[in-house]
Every structure is written in C-alpha cells, then in structure tokens.
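The chain contents come next:
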Amino acid sequence: MEGTNPVNKKLTAALSGGAVLILALSGCSSDDGENDKLNAWAKQVCGAVQPQAKKIEAANAAIQKETSDNSAPADVRKTDSQAFQDMADAYKAISDAVDKAGAPNVDDGKTKQSNAVKELNDLSAAYVDLKKQVGELDTKDQGKFAEGLKDIATQLNKLSRSGNDALKKLEEGDVGKAMAQQQSCKSASSGATAAAKS
C-alpha cells in the first residue's frame, strides 16, 4: 500500500508550486503612488484577489493533509478533485476581477489586462481538466492509480512553471507599486508564499 506515497508527495510539491502564481498579482516593491486611478484599480483587484488566494491556499492544505498519510486512493481522488475545482474557481474569479477592473492606467494597460485575463482563464481551464483526469483514475488498482497521479503531477509542474508571464507583465512598474501598497495584496502574497513553502 506504500506505492502512492512518493507520488502523492510529488503531487503535493507540484500543487504547492502552483500557488506561487498568485504572487504575480501582488506587488514586490513598495513606493508612494501619485496615481489615484491606478491606486483605485489596485485596491479593487487586490480586494478580489485576497479571498481567492485563501481558497487556493486551503485547496493546497487539503491535498497536503490527505497525502501526508497513506490515504486510500478513493479518498485522495475525492480530495484532489475538490481541490482542483476550487483552484479553477479561484483563478476564474481573479480573471473576472481583473476583467471587471478594466485596464490599469499605464502604458499598454489594455493589452496587459487582456493578456492576464486570458492567462487566468487558461489556468482555470487547466485545473478543470486536471479535475476530470483525477476523477477518471482507477482507485481499485493501486499501481494504475499511482501512475495516473504521477502524470497529473507532471502536468502540474509544467503548469506552475509556465503561464504567469502575462500576470508578471501586468504587475510591472507602477502597477506593482500601487498593488504593493494594498493591504489585501500583501495578505494574499504572504498566504500564497506560505502555501508554496509548505
């Protein structure tokens, strides 16, 4: 029965890496902003990001709890499936928030915004697909289940490494500075960092 444990740990590590993506929506440096419109935009987006970052963090924690023990495949599948759905919902909600906020008041703001919205929607769709895949895993065959989880972990690794370029571009320069001043973005950032490190 110990066959899934190393795979589960690999899956957990890959999932934790995915939480880092949320950091792209929180500023890395702090500065005094003069741009009221940009600060208002940052406040709106950060306010929406915070609860979603907590949702992603909770999904990671649920998977880590389930995979820290040698849980039954059916339990792992159920937990992972729900976690993937929660992540999909969270990234979709962040996408909607960025879309609703409009373009930030910076050069190429509209392009940066639309690219980030597309990227977040793609991330959401990717997690929906992973939920479908984990739901189709054979829980009666330990070997097949472990192999299936291994494939999903590989996809998660790719997902956590790629797919945040547009988010990084969105929060470059003045946008990042404005977001860094928002308490809600600081909270989202620290929560995602904790999830990624655990």
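Shown above is the structure to which this text applies.
Only a predicted model underlies this, so the values are computations on that prediction, with no experimental measurement involved.

Explain the nonpolar core here, please?
Grouped burial of nonpolar side chains is what soluble globular proteins tend to show. If you look at the biggest cluster of nonpolar residues, it comprises 38 residues, and the most contacted ones within it are Trp-41, Tyr-127 and Met-179. Elements represented by at least two residues in this core include exactly α2 (36–68), α3 (73–101), α4 (109–135), α5 (142–161), α6 (165–170) and α7 (173–180). Among the elements that take part in this core, α3 stands out by supplying 10 residues, more than any other.

How should the environment of Tyr-127 be read in this particular structure?
Note on placement: Tyr-127 falls in helix α4. On a C-alpha basis, the gap between Tyr-127 and Asp-86 in space is 8.8 Å, while along the polypeptide they are 41 residues apart.

What am I meant to see in the packing of aromatic side chains here?
How two aromatic rings sit relative to each other is given by the distance of their centres and the angle of their planes. Overall, the coordinates contain 2 aromatic pairs when judged by the stated rule. Taken together, a centroid distance of 6.3 Å and an interplanar angle of 35° make the contact between Phe-84 and Tyr-127 tilted. Pair noted here: Phe-84 is in helix α3 and Tyr-127 is in helix α4, with a separation of 43 residues, a long-range link. The residues Phe-84 and Tyr-127 share a single accessibility class, namely buried. Centre to centre, the rings of Tyr-91 and Tyr-127 are 5.6 Å apart; their planes meet at 10°, and the pair counts as stacked. With Tyr-91 in helix α3 and Tyr-127 in helix α4, this residue pair connects regions lying 36 residues apart in the sequence. Classification of Tyr-91 as buried rests on a relative accessible area of 1%. For Tyr-127, a relative accessible area of 1% corresponds to the buried category. Through a chain of ring-to-ring contacts, the aromatic side chains of Phe-84, Tyr-91 and Tyr-127 assemble into a single cluster.

Mind showing me how you'd approach the pattern of salt bridges here?
All chains considered together, the criterion is met by 3 salt bridges. In this structure, Lys-132 engages Glu-136 in a salt bridge whose closest nitrogen and oxygen atoms are separated by 3.5 Å. Lys-132 gets classed as exposed once you look at its relative accessible area, which sits at 53%.

Help me understand the packing of α3 against α4, please; the structure alone is not making it clear to me.
The angle between the axes and the distance between the axes are what describe a pair of packed helices. α4 packs onto α3 with a crossing angle of 165° between their chain directions and a minimal axis gap of 8 Å. Classified by the angle their axes make, α3 and α4 are roughly antiparallel. Here α3 runs over α4; the crossing is left-handed. Residue composition of the contact of α3 with α4, by class: 13 nonpolar, 7 polar and 5 charged.

In this structure, what is going on with the side chain of Ser-71? I would like to understand it.
Inspection of the secondary structure assignment puts Ser-71 in the loop between α2 and α3. Under the relative-accessibility criterion, Ser-71 is labelled buried at 11%. Beyond its immediate chain neighbours, meaning those up to four positions away, Ser-71 contacts Glu-66 and Val-76.

Got a minute to help me understand α3 in this structure?
Between its first and last C-alpha atoms α3 spans 42 Å; for 29 residues at 1.5 Å apiece the expected length is 42 Å, and the two agree. At the exit of α3 stands Gly-102, carrying a positive phi of roughly 80°.

For this particular structure, what's the right way to read the environment of Gln-155?
With respect to the helices, strands and loops of the structure, Gln-155 is situated in helix α5. By relative accessible area, Gln-155 is classed as partly exposed at 31%. Taking the C-alpha atoms as reference, Gln-155 lies 8.4 Å from Leu-130; in sequence the two are 25 residues apart.

Cut-offs and rules
Residues numbered from 1 in each chain as written. Predicted model: local features only at pLDDT ≥ 70, side-chain atom pairs only at ≥ 80, totals over all residues. Heavy atoms only, no water. Core = buried A, V, L, I, M, F, W, Y, C linked by side-chain atoms within 4.5 Å. Buried < 20%, exposed > 50% of the residue type's maximum accessible area, 1.4 Å probe, protein only. Helix = DSSP H or I, 4+ residues; strand = E, 2+ residues; numbered from the N terminus. Phe/Tyr/Trp six-rings, centres within 6.5 Å; stacked < 30°, edge-to-face > 60°. Salt bridge = Lys/Arg side-chain N within 4 Å of Asp/Glu carboxyl O. Axes fitted to C-alpha atoms, helices over the stretch in contact; angles between N-to-C directions. Parallel < 35°, antiparallel > 145°, perpendicular 65-115°, else oblique. Left-handed = near helix turned anticlockwise from the far one by under 90°. Nonpolar A, V, L, I, M, F, W, Y, C, P; charged D, E, K, R; others polar. Contact = heavy atoms within 4.5 Å. Expected span 1.5 Å × (residues − 1).

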